Amino acid sequence: MEVPAINQNFTHQPPQPWAGQRHRTPAMPPACCPPPPYHYPNLNQDHRSAAVSVTPMADTTVTSGHRPQLLYWDPSQQSYPDREPVLDISHMTTQGMSQRSYSLPTSPVTNSKTESRYGLDPQLLPSVVQVIKEDKIQWEGKVFVSESKSSVPPLSSTQCTLEDRGNATPRFIRCTSYTFPVEAQSAQKSHLPLGAIVCPLARPDKGERDVPVCEAGDCVKGCVHCGAFMSPAMNWQDCGQRFYCPFCDKLTEVPWQSYQPTNQGRRVDCEKKPELSLGSYEILEKQTGKAAVLLMAIDISASAMRTGQLDHICQQISSQLQALNGPDETDQSDLRVGLMTYDSRIHLYNLSPALSRPHMMVITDCEELELPVVEGLLVPLKDCIHIAERVLQEIALFNPESENRSSSQELSVSAGLKILQAAGSPGKLLIFHSSPVSEGTNQKSSSGFFSSSKMKSIFQGPDSSTSLAKECVNQGCSVHMFLFSHQEVGGAWPGHIPFLTGGGLICYNSLQSEMEQERFRTDLSRCVNMQMAFKVQLRVFVSKEMRISGCYGSIIAGSDSCCVSMAALDWRTALAFEFTHNKSLDETRGVAIQFVLSYSNSSGENRTRIHTVILSASHQLLDTFRSSQAETLLTFYCKKMYSLALESPLQSLREELQTEVTEMLACFRKHSCSTSVSPGQLVLPQFLKVVPVYINSLRKSEVLLPGLHSSVHQRLQLRSLIVSMDTLSTASQFYPLILPLGMMKPASLCLFLSPLQSVSADNANMPSLREALRCTVSSLDPGALYLIYCPLALLLWVGSCVPSHTLLQLFNTNSFSFLTSGEINLPVLENSLSISTRALVCSLQSSAAVTLQLKLVREGESCAESLQRLLVEDKSPNGGASYADFLFHLHVNALRIIV
């Protein structure tokens, strides 16, 4: 990972003022005078007699009911930070409710996927698009100062400058609430999880300062009792001779070599040392390890060679090695590389430049794998580039064996791990697997896919894969697999080891098409050049009054949640930590949380990166709710539920999600809301008003609620990809971006795409977009074109009534019937619509973790099911309820709890 140069004379930059700067913290009225209600559209007074229980939301077909008249949502009532939104649906009829179910009159309703069966107008419900827009209006282009006990930060989708002034910025840490309840009983009553989403290696945005790096010997040492590192959370005493550690409640004497006097509780050298003034800094350790290596394993089994893809694979590997080595002698790379091939055996290649020609060694006994030699298996690229190219050329000319030898993906991982262990180095292991994936002893049958009693066998990897992944973690071996064989439901899934080692699995249907070849080239280049941290260890410290109760993410769970080990980590990966009270907090001191990341970079330098945040504590639950954010809460719940899916039945997880949100809304209504609010009004916290649509989208995701056409492989890969996403990607995945293409007007492209690093508003070829649309089918006009984007999908929807001249400009055809749904490569045409659309697609592709397939979806075709999954406000094809129905159900259950 690229890091800034060592800064021995660090000077804290003074804050840069900006016009109209104001503090983010909303003005909070006294607890006895809650904010006035904010009306959306109302529930019946009859709910007062409802039973106190939570009715699980049906995830299958819905019943019918009448359409009651709605009250209005006053658009003049703006969403001020000092007001709480109130959803008024009091004219709903809910007769015949019981503890487990309730029914409505059976008069027919429209079969629209958007319209609520209870008569709620979906367009009047809280909108994610509107929330994002309001946050951009408030913070776009401004500076958010992250300081001790700071307020709620801007959303991750808002482009603004984040300035570290004693607290790690939201780029690295986002908390589910920035005000923790003082009492444990209050925290349990709120049902609002106390957690943090940490992305330790996140990249600073343009205009933000890099994380400063200092020598280990120049830093002020941290606590000698618990091991916490120095941070602004430490409380200096006795004129700087000692400091109080909030993580263990003990005092530490300062060595005389590091002593400096204090002035008003701060050391006089505070501004010159990042560990004393900043929430994030990095330490360069004195000891160094071995540099990371690049090892590639190619499948040459008979079935793999019959596919005809081996030649193209070898060509692309050779091109990437040439690009890594550089065109000039001065740019040649010291990166050590290795090559091997495999079928049922392992073929090692000695690339030593001292040999006249490369030697191949065949290992036939793979039960107890032992390397015949070590020298020559890993050689600096600048010394073996020509030999490696020669080997790749000869591999492409291999003749298939007469004996049909099957290949095992785990065998290649074991062989690569042995090479790295013998060399004592971490590194990337790239596996190019073309033959059908072999099934292990723990065969996964498709019948367990739909059975909650067999969920453990679906999501949890076999013991052999887990054991091998643990060995890779200890060695710092990150496995990346490129899979060129398409498998149906029931086959073994090879992604357990890659995702558990910080790598990944990328699947291709065939490399015969130009689109697939280009996708493979881009993915391979991104994988080879990705800067990563190896042999990662993440330790967590929290105030003594709190404890860590859970860690969720793409990791191998251990017995200690305070310390997590990973083989490798990139800048996109995020983890979630959950905290629980040990005893009551001190309201004046708040809560301190510190994440310490120890790792080795690609050049072998050992570094330690420290992130610290100091949060507020309050006796008032209203403060806790008001300092929470919906997208962070979604990210936390996603990582927690997807991690628990390894062992828990999915139905229980969906019910748990609904129960937690219902209890949370009921608590807010009961303890933080005005008594003047009628029983028919659903009160939502200001920054949590879109939680229902997020949670409903999570509940009906393919991972937690499979559809009839979902495959085991698809669900396994979705879970593995999403569970490691950061907050921005998670929010975009569960509420995709719908962009109209055919009716553009001058506006900044950065309106909704500003977080994408590759997007530039100054590029004349980039499209200018009006604001994005809500994720509902009613947003799609049959006479328009739309690009629907989330981190794992990119669809181009074409309405049946799009003008012929528009089709001609974009597809070079003027007939809707001539378009074919499926993967598409837009033709290069010289007109504004074509240029801007292709530029937009390119920008979206560059921001994704892997190259996405651009798929065309014609209105009304059967393949539109892939689109329906992304319209998360509607009823989903797997039976998930619409946003309006789910919100109504939350309200009914919340009233049962209150009454």
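As the structure is a prediction and not an experimental result, all values here were calculated from the model. (Residues numbered from 1 in each chain as written. Predicted model: local features only at pLDDT ≥ 70, side-chain atom pairs only at ≥ 80, totals over all residues. Heavy atoms only, no water.)

**Q** Hey, could you go over the sheet that holds strand S30 (residues 737–740) for me, with residue numbers and the actual values?
**A** Taking strand neighbours across the sheet as the criterion, the five strands line up as S30-S31-S32-S34-S33 in an open arrangement whose pairing is mixed. The open sheet terminates on both sides in strands that have one partner only, identified here as S30 and strand S33 (822–823). Taken together, the five bridges between strand S32 (residues 793–798) and strand S34 (residues 854–858) define a ladder with parallel strand orientation. When the sheet's bridge partners are listed, Leu-795 is paired in S34 with Lys-855. (Pairing = 2+ DSSP bridges. Helix = DSSP H or I, 4+ residues; strand = E, 2+ residues; numbered from the N terminus.)

**Q** Please provide a residue-by-residue account of helix H11 (residues 514–529), values included.
**A** Along its 16 residues, H11 runs 23 Å from first to last C-alpha, staying within 8% of the 22 Å computed at 1.5 Å per residue. Restricting attention to buried positions, one finds in H11 the residues Glu-516, Arg-519, Phe-520, Asp-523, Leu-524, Arg-526, Cys-527 and Val-528. (Expected span 1.5 Å × (residues − 1). Buried < 20%, exposed > 50% of the residue type's maximum accessible area, 1.4 Å probe, protein only.)

**Q** An account of the packing of helix H5 (residues 310–325) against H11 is requested, with residue identities and associated values reported.
**A** Their axes nearest at 10 Å, the elements H5 and H11 cross at an angle of 40°. On the basis of the axis angle, H5 is oblique to H11. With respect to the hand of their crossing, H5 and H11 are arranged in right-handed fashion. Taken together, the residues of H11 that come into contact with H5 (itself represented by His-312, Ile-313, Gln-316, Ile-317, Gln-320 and Leu-324) are Gln-517, Phe-520, Arg-521, Leu-524, Ser-525, Val-528 and Asn-529. (Axes fitted to C-alpha atoms, helices over the stretch in contact; angles between N-to-C directions. Parallel < 35°, antiparallel > 145°, perpendicular 65-115°, else oblique. Left-handed = near helix turned anticlockwise from the far one by under 90°. Contact = heavy atoms within 4.5 Å.)

**Q** Lay out the pattern of salt bridges in plain terms, naming residues and giving numbers.
**A** In the structure shown here, the tally under the stated rule is 24 salt bridges. A salt bridge links Asp-523 to Arg-526; the nearest nitrogen and oxygen atoms lie 3.3 Å apart. Within this pair, Asp-523 and its partner Arg-526 are both found in helix H11, separated by three residues, close to a single helical turn. Linked by salt bridges that have partners in common, Glu-282, Glu-605, Arg-607 and Arg-609 make up one network. (Salt bridge = Lys/Arg side-chain N within 4 Å of Asp/Glu carboxyl O.)

**Q** Quick one: what's the story with the pairing of strand S20 (residues 427–433), residue by residue and with numbers?
**A** Among the seven residues that make up S20, seven are buried, leaving the element largely enclosed by the rest of the structure. Burial of S20 is two-sided: the residues Gly-427, Leu-429, Ile-431 and His-433 facing one way and the residues Lys-428, Leu-430 and Phe-432 facing the other way are all buried. Pairing between S20 and strand S21 (residues 477–483): seven bridges, direction parallel. If you follow His-433 over to S21, its bridge partner there is Leu-483.

**Q** Go over the side chain of Asn-878 with me, naming the residues and quoting the values.
**A** Along the chain, the position of Asn-878 falls in the loop between helix H21 (865–868) and helix H22 (883–898). Relative accessible area serves as the criterion here: at 16%, Asn-878 is assigned to the buried category. At 2.6 Å, the side chain of Asn-878 forms a polar contact with the backbone oxygen of Leu-705. In terms of polar contacts, Asn-878 uses its side chain to reach the side chain of Ser-876, at 2.3 Å. (Polar contact = N/O pair within 3.5 Å; in protein donor to acceptor, adjacent residues only side chain to side chain.)

**Q** Tell me about the side chain of Ser-434, residues and numbers included.
**A** As for its placement among the helices and strands, Ser-434 is situated in the loop between S20 and helix H8 (455–459). Those residues in contact with Ser-434 that sit more than four places away from it in its chain are Asp-299, Ala-304, Thr-307, Gln-309, Ile-313, Phe-484 and Ser-485.

**Q** Outline the nonpolar core, listing residues and values.
**A** Core analysis: the largest hydrophobic core is formed by 161 residues, its most contacted members being Phe-577, Phe-579 and Phe-595. Not counting the four nearest positions on each side in its chain, Phe-595 is found in contact with Ile-173, Ala-196, Val-198, Leu-538, Arg-539, Val-540, Phe-577, Phe-579, Arg-609, Ile-610 and His-611. (Core = buried A, V, L, I, M, F, W, Y, C linked by side-chain atoms within 4.5 Å.)

**Q** Could you give an account of the packing of helix H14 (residues 650–671) against H22, with specific residues and numbers?
**A** Helix packing geometry: the angle between the two helix axes and the distance between the axes. Packing of H14 against H22 leaves a shortest axis separation of 8 Å and a crossing angle of 60°. In terms of axis orientation, H14 runs oblique to H22. Two packed elements cross with a definite hand, and for H14 against H22 that hand is right-handed. Counted together, Gln-658, Val-661, Thr-662, Glu-663, Leu-665, Ala-666 and Arg-669 of H14 and Phe-886, His-889, Leu-890, His-891, Asn-893, Ala-894, Leu-895, Ile-897 and Ile-898 of H22 form the full contact between these two elements. For the contact of H14 with H22, the per-class residue count stands at nine nonpolar, five polar and two charged. (Nonpolar A, V, L, I, M, F, W, Y, C, P; charged D, E, K, R; others polar.)

**Q** Tell me about unusual backbone geometry, residues and numbers included.
**A** One non-glycine residue, Cys-239, lies in positive phi territory at about 60°. Along the polypeptide, Cys-239 turns up in the loop between strand S9 (235–237) and strand S10 (242–245).

**Q** Talk me through a negative patch on the surface; I want residue IDs and the actual numbers.
**A** A contiguous patch of negative charge, built from Asp-365, Glu-367, Glu-368 and Glu-370, is present on the exposed surface. By the element assignment, Glu-370 lies in the loop between strand S18 (359–363) and strand S19 (379–380). (Patch = residues over 30% accessible without salt bridge, like charges linked within 9 Å, V, L, I, M, F, W, Y side chains within 5 Å. Areas by Shrake-Rupley, 256 points an atom, 1.4 Å probe, with all protein chains shown as cover. Lys, Arg positive; Asp, Glu negative; His and termini not counted. Charge placed at Lys NZ, Arg CZ, Asp CG, Glu CD.)

**Q** Pulling in residues and values, what's your account of the environment of Glu-253?
**A** Of note, Glu-253 is situated in strand S11 (residues 250–253). Between the alpha carbons of Glu-253 and Gly-240 there is a distance of 9.1 Å; along the sequence they are 13 residues apart. The residues touching Glu-253, leaving out its near neighbours within four places in the chain, are Gln-241 and Arg-242.

**Q** How would you sum up the confidence of the model for the protein? Please name residues and give values.
**A** Averaged over all residues, the pLDDT of the protein is 81; the fraction at 70 or higher stands at 80%. With pLDDT under 50 throughout, residues 1–52 is counted as low confidence; its partners more than four residues away or in other chains account for 155 contacts. Counted against residues more than four places away or in other chains, residues 60–83, with its pLDDT under 50, gives 65 contacts. (pLDDT = per-residue confidence, 0-100.)

**Q** Can you lay out the sheet that holds S9 for me, pointing to particular residues and giving the numbers?
**A** Taken in spatial order, the three strands make up an open sheet running S9-S10-S11, and their pairing is antiparallel. Each of the sheet's edge strands pairs with one partner strand only, and the pair in question is S9 and S11. Taken pair by pair, the neighbouring strands of this sheet meet at an average axis angle of 30°, ignoring direction. In terms of strand pairing, S9 meets S10 through three bridges, oriented antiparallel. Across the sheet, residue Gln-237 finds its bridge partner in S10, namely Arg-242.

**Q** Can you explain helix H16 (residues 712–722)? Please cite residues and give values.
**A** Among the eleven residues of H16, nine are classified as buried, and the element is accordingly described as predominantly covered. Within H16, the full set of buried residues consists of Val-712, His-713, Arg-715, Leu-716, Gln-717, Leu-718, Arg-719, Ser-720 and Ile-722.

**Q** Please provide a residue-by-residue account of the state of the cysteines, values included.
**A** Within the structure shown, the criterion is met by zero disulfides. With no disulfide of its own, Cys-562 has Cys-563 as its nearest cysteine by sulfur position, at a separation of 8.4 Å. (Disulfide = S-S within 2.5 Å.)

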